[in-house]
Amino acid sequence: VPRRQFVDPYEAKLAATLNYANIVQVHDLCVSASGEYFIVMEYVRGKDLSDVIRAAQLAGREVPPSVAVAICREVCKGLHYAHTKTDVEGAPLKIIHRDISPHNVLVSFMGEVKITDFGIAKASSIVNKTAVGILKGKYGYMSPEQARGQPLDARSDIFNTGIVLYELLVGERCFAGSSDFSTLNLMREAEVTPPTKIVGSIPADLEEIVLRVLSKDKNERPQDALQLEKILGAWAKKNGQGETATELASFMEELLSAADASRDGADSTGVLALASGV
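These numbers were taken from a predicted model, which means no experiment stands behind them.

Asker: Help me out: how do you make sense of the overall build of the protein in this one?
Answerer: Along the backbone of the protein there are nine helices and seven strands. Out of the 278 residues in the protein, the part that is buried amounts to 49%. As displayed, the protein offers around 13,000 Å² of accessible surface, 50% of which is attributable to carbon and sulfur atoms.

Asker: Looking at this structure, how should I read the side chain of Gln25?
Answerer: Turning to its location among the elements, Gln25 is positioned in the loop between α1 (9-16) and β1 (26-31). For Gln25, a relative accessible area of 15% puts it in the buried group. Residue contacts for Gln25: discarding those within four places in its chain leaves Ala16, Leu18, Asn19, Met41 and Glu42.

Asker: Is there a simple way to think about the pattern of salt bridges in this case?
Answerer: Once their charged atoms are close, side chains differing in charge can pair, the charge on each being opposite to the other. Scanning all chains against the criterion turns up twelve salt bridges. Taking the shortest distance from any N to any O, the salt bridge between Arg73 and Glu229 comes out at 2.8 Å. Residue Arg73 is found in helix α3 (residues 65-83), and its partner Glu229 is found in helix α8 (residues 225-238); the two are separated by 156 residues along the sequence. Through salt bridges with shared partners, one network takes in Arg148, Glu189 and Lys216.

Asker: Just checking my understanding: could you explain helix α7 (residues 204-213) for this structure?
Answerer: Within α7, the full set of buried residues consists of Leu206, Glu207, Ile209, Val210 and Val213. Projected onto a plane normal to the axis of α7, the buried residues spread over an arc of 160° and lie on a single side. Residues Ala204 and Glu208 are exposed on α7 and point more than 90 degrees away from its buried face. Looking at the buried positions of α7, the neighbouring elements they touch are α3, α5 (154-170) and α8.

Asker: Where do I start with the confidence of the model for the protein in this structure?
Answerer: Note that predicted coordinates carrying low pLDDT should not be read in detail. Residue-level pLDDT values for the protein average 84, and 81% of them are 70 or greater. In the predicted structure, residues 127-134 sits below a pLDDT of 50 and forms six contacts with residues beyond four places in sequence or in another chain. Below a pLDDT of 50 lies the segment residues 265-278, which in the model reaches 38 contacts outside its immediate sequence neighbourhood of four places, other chains included.

Asker: Please clarify how the nonpolar core should be interpreted in this entry.
Answerer: Soluble globular proteins: nonpolar side chains tend toward being buried together. Counting 64 residues, the largest nonpolar core has Ile71 and Leu168 as the members making the most contacts within it. Among the elements that line this core, the one with the most residues is α3, at ten residues. Not counting residues up to four positions away in its chain, the partners in contact with Ile71 are Leu49, Val105, Val107, Val113, Leu168 and Leu248. One finds Val24, Ile39, Val44 and Leu106 within the second-largest nonpolar core, a separate group that totals eight residues.

Asker: Before we go on, may I ask you to explain the sheet that holds strand β5 (residues 105-108) in this structure?
Answerer: Hydrogen bonding along the main chain pairs the strands of a sheet, whether they run parallel or antiparallel. One open sheet holds the three strands; their spatial order is β3-β5-β6, and the pairing between them is antiparallel. In this open sheet, the two strands that pair with only one neighbour each are β3 (46-48) and β6 (113-115). Across the sheet, the mean angle separating the axes of adjacent strands is 25° when strand polarity is ignored. Across three bridges, β3 lies against β5 in antiparallel orientation. Bridging from a neighbouring strand, Gly46 pairs with Ser108 of β5. Lying over the sheet, helix α2 (residues 49-59) contacts β3 and β5, oriented at roughly 90° with respect to β3. Relative to β6, α3 is tilted by about 45°, and along the sheet it contacts β5 and β6.

Asker: Mind showing me how you'd approach the packing of α3 against α8 here?
Answerer: Any two packed helices are characterised by the angle at which their axes cross and by the distance between the axes. α8 packs onto α3 with a crossing angle of 155° between their chain directions and a minimal axis gap of 8 Å. Taken together, α3 and α8 sit at an angle that is classed as roughly antiparallel. In this structure, the crossing between α3 and α8 has a hand that is left-handed. On α8, the residues that touch Pro65, Ser66, Val69, Cys72, Arg73, Cys76, Lys77, Leu79, His80 and His83 of α3 are Ala225, Leu226, Leu228, Glu229, Leu232, Gly233, Trp235 and Ala236. Taken together, the residues of the contact of α3 with α8 sort by class into eleven nonpolar, four polar and three charged.

Asker: Whenever I open this one, the packing of aromatic side chains confuses me. Can you help?
Answerer: To describe a pair of aromatic rings, one takes the distance between the centres and the angle between the planes. Using the criterion set out here, one finds two aromatic pairs in the structure. Taken together, a centroid distance of 4.8 Å and an interplanar angle of 10° make the contact between Tyr20 and Tyr81 stacked. Highlighted residues: Tyr20 in the loop between α1 and β1 and Tyr81 in helix α3, separated in sequence by 61 residues. For Tyr20, a relative accessible area of 31% corresponds to the partly exposed category. An angle of 10° between the planes, with centres 6.1 Å apart, marks the rings of Phe159 and Phe175 as stacked. Separated by 16 residues along the polypeptide, Phe159 in helix α5 and Phe175 in the loop between α5 and α6 (180-189) bring together distant segments of the chain. Phe175 sits in the buried class, given a relative accessible area of 0%.

What counts and how
- Residues numbered from 1 in each chain as written.
- Predicted model: local features only at pLDDT ≥ 70, side-chain atom pairs only at ≥ 80, totals over all residues.
- Heavy atoms only, no water.
- Helix = DSSP H or I, 4+ residues; strand = E, 2+ residues; numbered from the N terminus.
- Buried < 20%, exposed > 50% of the residue type's maximum accessible area, 1.4 Å probe, protein only.
- Areas by Shrake-Rupley, 256 points an atom, 1.4 Å probe, with all protein chains shown as cover.
- Contact = heavy atoms within 4.5 Å.
- Salt bridge = Lys/Arg side-chain N within 4 Å of Asp/Glu carboxyl O.
- Arc of directions from axis to C-beta.
- pLDDT = per-residue confidence, 0-100.
- Core = buried A, V, L, I, M, F, W, Y, C linked by side-chain atoms within 4.5 Å.
- Pairing = 2+ DSSP bridges.
- Axes fitted to C-alpha atoms, helices over the stretch in contact; angles between N-to-C directions.
- Parallel < 35°, antiparallel > 145°, perpendicular 65-115°, else oblique.
- Left-handed = near helix turned anticlockwise from the far one by under 90°.
- Nonpolar A, V, L, I, M, F, W, Y, C, P; charged D, E, K, R; others polar.
- Phe/Tyr/Trp six-rings, centres within 6.5 Å; stacked < 30°, edge-to-face > 60°.

What follows is the structure, encoded as structure tokens:
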């Protein structure tokens, strides 16, 4: 990957310090003989959630709420680790991913859930300001404060996790305007269509959680990833749901097999190679 494509070499090195089961491991940041930077990353054999959602559409089925909740609980675990990581002296780094989206959450065929692309993450202890007017993140996958260019904390990643949960449940984009500008306005105002308006079978108590996580006011959301994980865990326990990695692996196999059958011979190897993250 050419050097100009990297947000900041420091940020790539920061990502390499994150060593946790729910985060794709960055092994090294290297420079080639021609002066190009490249990243050596963990290889994950699986699919990102955008592929999972697409496969569900191809198969004409919905992602079960229990599966969606199980995946987002694992995302929360990875975020909690990153958000609470400290430097060698024990000072909080206050890392924020800032780009949690279905494209950046991977599910392996073994049922593992891993966050990737910490390349635009920021540690607040580092003075590294974004240029005025430049928003880092994907249109459709920003918190209201991020879309407004305001200072961010962990609650921005919480909001984006809510977007992921929403899209797993309904199979559609949470924020999708007719243009980038209209999408940006939707994100700024957190204008969300209630999930049950799209998929009536979504449990009302789960919809309540989703809408709370997607609150425009960050003070009304769960205040950290661990709190959200506990809220989702309580919902799963209440509803007798206990998705394990083995069950998630079975879901992936069943879903992708069904989607493959609907592709009319299209390539369906189901292998995702991770080669870049910034």
